[in-house]
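Geometric and topological summary
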Amino acid sequence: MTSKINVILFDKAIELMSEEYNLEVWSLTKTGEGNFIKNFGEEVGTFFINHSYHSGWRFGNNVFSQVYMLHKLNFMPQNKEIYKKGYYIIGTGLNEDPIVLNTNTWTIGYLDSDLFYRTEEATFEDSFVDTGLDLGTFYYRSLVESNDFYGRASDVKKLLK
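As the structure is a prediction and not an experimental result, all values here were calculated from the model.

**Concerning the overall build of the protein**
Helix and strand content of the protein: eight helices and six strands. In the protein, the succession of α and β elements from N to C terminus is α-α-β-β-α-α-β-β-β-α-α-β-α-α. Relative to the globule expectation of 15 Å for 161 residues, the C-alpha radius of gyration of the protein, 15 Å, shows essentially globular dimensions. Here the protein holds 161 residues, and the buried ones make up 45% of them. Long-range contacts, defined here as pairs at least 24 residues apart, represent 56% of the contacts in the protein between residues at least 6 apart. Entry remark: accessible area of the protein is about 8,600 Å², with carbon and sulfur atoms responsible for 50%. Between the averaged position of the 15 positive side-chain charges in the protein and that of its 22 negative side-chain charges there is a distance of 5 Å.

Right under this line is the structure:
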């Protein structure tokens, strides 16, 4: 069975960051833990539970948000459509472009915030750009490749052309 998240790479990125920062764990409530397992299955739910930190962390240009705040973020009125389609906002890149986990493919992409939130006729499908990378690989490369890696939807669009 193939893993949905390369946890080893994500943990390597955390290890690199912990050399400079104190990555304080933020324990979720039992209800919160149960909801992550119910909504994402054992593997992905456990990943979120084990990687819940007191604050969001910047991996190069990309932020991995506080896990305990994700549910609230995804159920904001402007984001409910995204969640209902099987996508889950987990962070932000440059220009406030949301970083989104595609739960249909378990890959990470960006939502072009200028297009989606500021253009009335734009749909989610018009605004979402998938990197094809799993969550662990995405954040590891964000850290080690820093400014040479994707930071927003337009960066991915340029490379896909």
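**Regarding a negative patch on the surface**
A cluster of acidic residues, D11, E15, E19 and E20, forms a negative patch on the protein surface. Considering the arrangement of structural elements, one finds E19 in the loop between helix 1 (7-18) and helix 2 (30-50). Of the residues examined, E19 reaches a relative accessible area of 65% and is grouped as exposed.

**A closer look at the packing of aromatic side chains**
A complete count under the given rule lists 25 aromatic pairs for this structure. Ring centres 5.2 Å apart and planes at 65 degrees place the aromatic pair F10 and F64 in the edge-to-face group. Note that F10 is positioned in helix 1 and F64 in strand 2 (residues 62-64), a separation of 54 residues in sequence. We note that F10, like F64, is buried.

**Some points on the side chain of D155**
Residue position: D155 is located in helix 8 (residues 153-160). Overall, the relative accessible area of 17% leaves D155 in the buried class. Polar contacts involving the side chain of D155 include one to the main-chain amide nitrogen of G151, which spans 2.7 Å. Look past the residues within four positions of D155 in its chain and what remains in contact with it is F149 and Y150.

**Examining the packing of helix 1 against helix 7 (residues 135-144)**
At a closest axis distance of 7 Å, the pairing of helix 1 and helix 7 adopts a crossing angle of 35 degrees. With respect to the hand of their crossing, helix 1 and helix 7 are arranged in left-handed fashion. Here L9, F10, K12, A13, L16 and M17 of helix 1 lie close against helix 7, whose contacting residues are L135, G136, T137, Y139, Y140, L143 and V144. For the contact of helix 1 with helix 7, the per-class residue count stands at 10 nonpolar, two polar and one charged.

Parameters at a glance
Residues numbered from 1 in each chain as written. Predicted model: local features only at pLDDT ≥ 70, side-chain atom pairs only at ≥ 80, totals over all residues. Heavy atoms only, no water. Helix = DSSP H or I, 4+ residues; strand = E, 2+ residues; numbered from the N terminus. Rg over C-alpha atoms; globule rule 2.2 N^0.38 Å. Buried < 20%, exposed > 50% of the residue type's maximum accessible area, 1.4 Å probe, protein only. Contact = heavy atoms within 4.5 Å. Areas by Shrake-Rupley, 256 points an atom, 1.4 Å probe, with all protein chains shown as cover. Lys, Arg positive; Asp, Glu negative; His and termini not counted. Charge placed at Lys NZ, Arg CZ, Asp CG, Glu CD. Patch = residues over 30% accessible without salt bridge, like charges linked within 9 Å, V, L, I, M, F, W, Y side chains within 5 Å. Salt bridge = Lys/Arg side-chain N within 4 Å of Asp/Glu carboxyl O. Phe/Tyr/Trp six-rings, centres within 6.5 Å; stacked < 30°, edge-to-face > 60°. Polar contact = N/O pair within 3.5 Å; in protein donor to acceptor, adjacent residues only side chain to side chain. Axes fitted to C-alpha atoms, helices over the stretch in contact; angles between N-to-C directions. Left-handed = near helix turned anticlockwise from the far one by under 90°. Nonpolar A, V, L, I, M, F, W, Y, C, P; charged D, E, K, R; others polar.

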